[in-house]
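# Commentary on secondary and tertiary structure
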Amino acid sequence: MCGIVGYTGQRQAYPIVLKGLKRLEYRGYDSSGVALLKDKHLKVFKKKGKVAELEESLIGTDIDANIGIGHTRWATHGEPSDRNAHPHTSKSGRIAMIHNGIIENYALIKQDLLKKGYSFTSDTDTEVLLNFIEDIQTNNDCTVEEALRIALKRVTGAYCILLIEQDNPDTIIAARKGSPLVIGIGKGEHFLASDASPIIEYTKEVVYVNDYELAIVKPDELVLKNLGNEKVTPFVTKLDMDLAAIEKGGYDHFMIKEIFEQPSTIFDCLRGRLDVKEGSIKMSGVDDNIEQLLNANRIMIIACGTSWHAGLVAEYIIEELCRIPVEVEYASEFRYRNPIVNKGDVIIAISQSGETADTIVALEKAKENGAFIFGVVNAVGSSIARISNAGAYTHAGPEIGVASTKAFTGQLAVLMMVALNIAKHKKTISQEKYDGLIKELQLVPEKVDAILKNADEIKAIAEKYKDASDFLFLGRGYNFPIALEGALKLKEISYIHAEGYPAAEMKHGPIALVDETLPVVFIATNDAYHEKIVSNMQEIKARKGRIISIITEGDSISKELSEDAFAIPATDEIIAPLLTVIPLQLLSYYVGTAKGIDVDKPRNLAKSVTVE
Ligand code: AGP
C-alpha cells in the first residue's frame, strides 16, 4: 500500500503535494518523492525515509511549479532506497510516474525491454511499466495517453498511477485498477490522491475513479475514459467523512480496519505464490535454498510476542508435515542464554516490523555460529530482512494498530506455504494431502470474509463479558498457540488479565481459578482433538465456568456446552489457526472499545520494540 498525491492548478503544487503525502504516511513510509513540472522542465526529488526527511532535503531548492505528483512508499518490489523511491522517470527523462500496486507480469516485460536496449536504475515494477509505456509511445508514434491505454491492456496486477509529461505542462494522466484513486474538484484546479485525506481541506466535491478508467486532468478540465477510449461521465459526490475517519477508511480505529483488511491481505500474501491449478507454491526464498532447508538438522524459530505465537503454530505444522525437529525460542531468552547453534541449523526469524531489538541480536548471534537465517517479515528492507540469508515477505501492508492482527495472519500464511513447499520436496506428504491443504489455503480469504460478516455476534459477546477481571483461553494442538494469541490480544487491548493454556493443562493447577465469574474461551473447532476438548469443556462447565466457544459451523455438542458460541466455517485443522484467530482479534477489539480504551495506542505499548 503506498500513498499517491497530485495537483494541477494555479497554486504552488509542492506544498499541497507534500502536505498530502504526510496525510498518507499511514499507507507507507519507507521512502517518498515528488515530481514538479514548470515550463516543460521536469524536476524529480526522492529520498529513502519519511516525508519529513524529503522536506528537509528540499529546503532552499527551487520547487516553483503549478503541477506536481508525489508518492510515499511501502516497498513490495525492491528494498527501500533513494533509487527505488518514486517518482520514476522514463529512459528519455520526458515522463515521470508514481504507482501504487503490483504489476505481476513485470519480469517478462522487463526482459523484453532489456533486449531492446533499455536499462533500469531501480528494482521496481513501476520503472518497468513506465518504460513499457514510453516504448509503446515511441514505436507507435502516439500520445502518452494512448500508449498508457495500450500498456494497461497488457499488464496484470493492480495499479493506481499518476504520470506527468514534459510536453503536456498542465496535465496529469491517471489510471486505476485495484488501488484507490480519488479526484477533488476545485475551481480551476484539481487534486488527486489515494484517499480523500489530502483533498478534504480544499474541496468536498470528489470523483472516485473506477477500475479500468483513465483520467486526463487539467486545471479546469477533468476527462474520464475507459480503456476503450470511450468517455465516461464523472460521478461527483460530496465527502461526508472528517479527516480522521478518512485516514481509517471509514473505520473507527486502524485496528478494526486492519482486522477487516485480512481477506485482502491474506489474498495478497498468497498471490503469485500459491497456484492450486498448477498444484505449486512458488517462493524464491524457499526454492533457491531448498537444499539448505531439506537438510536442516533442526529448525529454530526466533521471535517475540504475537510473532512468537506464529512460530508455535509453525512448529506444529512443520513437524507434522516436514518431519524436521523444530524449537521455538523467545528472542529475549535466546540472546542471553548460551544456546547451542551449529552450521546446518536453520533459523526462521518472524517479525512484523523487522526492527525488534531482541530478535535482531538473537539472529546476529545465531548467524555468527553458522546458522542459515530465513526471515518472515512484513517491513520490506528492514533490519531483520537484511540480516536474513533468505526469506518471504508477508505483504500485509503497513500495520498501524499496535496490536498485530493482519501481520499475524500474513505470517501464518507464509509459514504454511513454507512448510507445504518443504514437505512436497521432502516427499513427507502425500499428493492428496498436499492438494487438499493448498485448496483449503486458497479458500481462507473468503472464509475470513464470512467470519467478519458476523462480527456483530462477537461485539455482543464482548459487551456481555467486558467487566470480567480475568479470562482463560484454552485450545489444543494447532489451536493452542491461538489460545495464547487470544489472551495476548485481550491483555494488550483491554487491560484485562488473560491467560492462554493447552486445554488439558487445566487439571495441573489452573482449574482452581474456575468459578461462576470466570469467562473461559475455548477454541473447539472440529479436529483430531475435538473429543478431548469437549471433555475439557465439561470439566469447566461442572465448575460453573462461563464458556465462550469458537466452534465449527454445525457443531451442536460444543454449542450445547457453551454459554456463548461463535461458529466459523470448517477447514483443515492445519489451516484452522488462520480462521480461529479472527473472532479473538474481534473480541479484544470490542472489549477494549466498550471499555473506552484507545485501542490503536494501548498504554505502555510500542508498535515496534526497538530497544531492550
Ligand atoms: C503484538 O500484538 C504485539 N504488539 C507484540 O507482541 C509484537 O508482536 C512483538 O513486539 C513482536 O514485534 P515484531 O513482530 O515486529 O517483531
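Here, the structure is the one placed above.
Thresholds, definitions, all that
- Every chain begins its residue count from 1, and numbering advances along the sequence as written.
- Two thresholds apply to this predicted model, a pLDDT of at least 70 for residue-level local features and 80 or more for giving and counting side-chain atom pairs, whereas whole-chain, interface and lining totals are computed over all residues.
- Side-chain descriptors were evaluated using all non-hydrogen atoms of the structure, hydrogens and water having been removed beforehand.
- Think of it this way: any DSSP run of H or I at least four residues long counts as a helix, any run of E at least two long counts as a strand, and we number them from the N terminus.
- Our radius of gyration is a C-alpha quantity, and the globule rule it is checked against amounts to 2.2 Å times the number of residues to the power 0.38.
- The rule is simple: take the accessible area with a 1.4 Å probe, protein chains only, and divide by the maximum for that residue type; under 20% is buried, over 50% is exposed, in between is partly exposed.
- Whether two residues touch is decided by their heavy atoms; if any such pair falls within 4.5 Å, the residues are in contact.
- Calculation of accessible area relied on Shrake-Rupley with a 1.4 Å probe; when residues are assessed, cover is drawn exclusively from the protein chains displayed.
- Every angle, taken between N-to-C directions, lies between 0 and 180 degrees, and every axis is a line fitted to C-alpha atoms, over only the stretch in contact when it is a helix.
- Relative orientations are named as follows: roughly parallel for angles under 35 degrees, roughly antiparallel for angles over 145 degrees, roughly perpendicular for angles from 65 to 115 degrees, and oblique for any other angle.
- Note on convention: the crossing is left-handed when the near helix lies turned anticlockwise from the far helix by less than a right angle, right-handed when the turn is clockwise.
- Note on residue classes: Ala, Val, Leu, Ile, Met, Phe, Trp, Tyr, Cys and Pro are nonpolar, Asp, Glu, Lys and Arg are charged, and everything else, Gly too, is polar.
- Pairing between two strands requires that DSSP report at least two bridges joining them.
- A right-handed crossover is one whose linking path, passing over the helix from the first strand to the second, runs clockwise when the strands point away from the viewer.
- Here a residue is near a molecule or strand as soon as one of its heavy atoms is found within 4 Å of it.
- Polar contacts, as used here, are pairs of N or O atoms within 3.5 Å; protein pairs need one atom able to donate a hydrogen and one able to accept it. Residues neighboring in sequence count only if both atoms are side-chain atoms.
- Pairs were defined over the aromatic rings of Phe, Tyr and Trp, the Trp ring being its six-membered one, requiring ring centres within 6.5 Å. Orientation was assigned from the angle between planes: stacked under 30 degrees, edge-to-face over 60, tilted for the rest.
- Placement of a charge over a ring requires the Lys NZ or Arg CZ to be within 6 Å of the ring centre, with the centre-to-atom vector within 35 degrees of the ring normal.
- We define the nonpolar core as a collection of buried residues of types Ala, Val, Leu, Ile, Met, Phe, Trp, Tyr and Cys that are connected through side-chain atoms lying within 4.5 Å of one another.
- Disulfide assignment relies on a single distance test, namely cysteine sulfur atoms paired within 2.5 Å.

The subject of this paragraph is the overall build of the chain. The helix and strand tally for the chain stands at 22 helices and 27 strands. The C-alpha atoms of the chain give 26 Å as radius of gyration, which agrees with the globular expectation for 612 residues (25 Å, within 12%). Based on the C-alpha atoms only, the size of the chain along its principal axes is roughly 80 × 55 × 45 Å. Buried positions account for 61% of the 612 residues belonging to the chain. Long-range pairs, those at least 24 residues apart, make up 71% of the contacts in the chain with a sequence separation of at least 6. Accessible surface, the chain as shown: approximately 23,500 Å² in total, 49% of it carbon and sulfur.

For the rest of this paragraph, the subject is the packing of helix 15 (residues 406-426) against helix 16 (residues 431-442). Where helix 15 contacts helix 16, the axes come no closer than 11 Å and their chain directions differ by 160°. In terms of their interaxial angle, helix 15 and helix 16 are classed as roughly antiparallel. Note on packing geometry: the crossing formed by helix 15 with helix 16 is left-handed. Contacts from Met 416, Met 417, Leu 420 and Lys 424 of helix 15 reach helix 16 at Gln 431, Tyr 434, Leu 437, Ile 438 and Leu 441. Of the residues assigned to the contact of helix 15 with helix 16, the class counts are seven nonpolar, one polar and one charged.

With that out of the way, let us pick up the pairing of strand 19 (residues 326-330). One ladder, built from five bridges, connects strand 18 (residues 298-303) with strand 19; its direction is parallel. Paired with Ile 302 across the strands is Glu 329, a residue of strand 19. With helix 11 (residues 305-322) bridging strand 18 and the parallel strand 19, this β-α-β connection has right-handed handedness.

Now for the site of the ligand. Taken together, 14 residues sit near the ligand, with Ser 307, Ser 351, Ser 353, Thr 356 and Glu 492 positioned nearest. Contact distances for the ligand include 2.9 Å between an oxygen atom and a side-chain N or O atom of Lys 489. The protein chains hide 91% of the 410 Å² of surface that the ligand would expose on its own. Where the shell around the ligand is concerned, the elements lending two or more residues are helix 11 and helix 19 (480-494). Class assignment for the residues of the shell around the ligand results in four nonpolar, eight polar and two charged.

Bringing helix 5 (residues 144-154) into the picture now. Buried residues dominate helix 5, accounting for eight of its 11 residues. Of the surrounding elements, those touching the buried residues of helix 5 are strand 6 (95-103), helix 4 (125-140), strand 7 (157-165), strand 8 (172-177), strand 12 (213-218) and strand 13 (221-226).

Looking now at the pairing of strand 3 (residues 41-48). Regular strands place their side chains on alternate faces of the sheet. Pairing between strand 2 (residues 31-38) and strand 3: eight bridges, direction antiparallel. Across the sheet, residue Ser 32 finds its bridge partner in strand 3, namely Lys 47. Linking strand 2 to strand 3, which pair antiparallel, is a turn of two residues; within it Asp 39 sits at a positive phi near 45°.

We now examine the packing of helix 15 against helix 22 (residues 577-594). Running from amino to carboxyl end, helix 15 crosses helix 22 at an angle of 170°, the nearest separation of the two axes being 10 Å. Relative to helix 22, helix 15 is oriented roughly antiparallel. From helix 15, Phe 408, Thr 409, Leu 412, Ala 413 and Met 416 reach across to helix 22, where they touch Pro 577, Leu 578, Val 581, Ile 582 and Gln 585. Per-class residue counts for the contact of helix 15 with helix 22 are eight nonpolar, two polar and no charged.

Spatial ordering of the open sheet is given by 5-6-7-8-12-13-14, a layout of seven strands whose pairing is antiparallel. Two strands bound the open sheet, and with one partner strand each, they are strand 5 (88-89) and strand 14 (231-232). Where strand 8 and strand 12 come together, five bridges link them in antiparallel fashion. Residue pairing for strand 12: Ala 174 is matched across the bridge by Ala 215.

The next point concerns the side chain of Asn 421. Summarising the element assignment, Asn 421 is placed in helix 15. If sequence neighbours within four positions are ignored, Asn 421 has contacts with Ile 281, Met 283, Val 286 and Asp 287.

Tallying each qualifying case throughout the model produces eight aromatic pairs. The interplanar angle of 70° and the centroid separation of 5.2 Å between the aromatic rings of Tyr 589 and Tyr 590 together place this pair among those described as edge-to-face. A relative accessible area of 4% places Tyr 589 in the buried class. When the ring centre of Tyr 118 is taken as reference, the NZ or CZ atom of Lys 91 above it lies at 4.9 Å. Taking the ring centre of Tyr 495 as reference, the NZ or CZ of Arg 603 above it sits at 3.8 Å.

Before going further, it helps to spend a moment on the nonpolar core. Membership of the largest hydrophobic core comes to 97 residues, with the highest contact counts inside it found for Leu 321, Leu 441, Phe 471 and Phe 473. In terms of residues, this core owes the most to one element, helix 15, which gives 12 residues. Setting aside its immediate chain neighbours within four residues, Phe 473 contacts Ala 483, Gly 486, Ala 487, Leu 490, Ala 498, Glu 499, Gly 500, Tyr 501, Val 521, Leu 584 and Leu 587. Counting residues in hydrophobic clusters, the runner-up holds 29 residues, among them Ile 109, Ala 147, Ile 173 and Leu 227.

Time to look at the state of the cysteines. Counted according to the given criterion, the structure contains zero disulfides. Cys 322 takes part in no disulfide bond, and the closest cysteine sulfur to it belongs to Cys 269, at a distance of 17 Å.

Bringing unusual backbone geometry into the picture now. Note that the residue after His 86, namely Pro 87, is joined by a cis bond; omega there is 5°. Along the chain, Pro 87 falls in the loop between strand 4 (67-73) and strand 5. Positive phi, normally seen in glycine, also occurs at Lys 427, with a value near 60°. You can see Lys 427 is positioned in the loop between helix 15 and helix 16. The phi dihedral of Tyr 495 is positive, around 65°, even though this residue is not glycine. In this structure, Tyr 495 sits in the loop between helix 19 and strand 24 (497-502).

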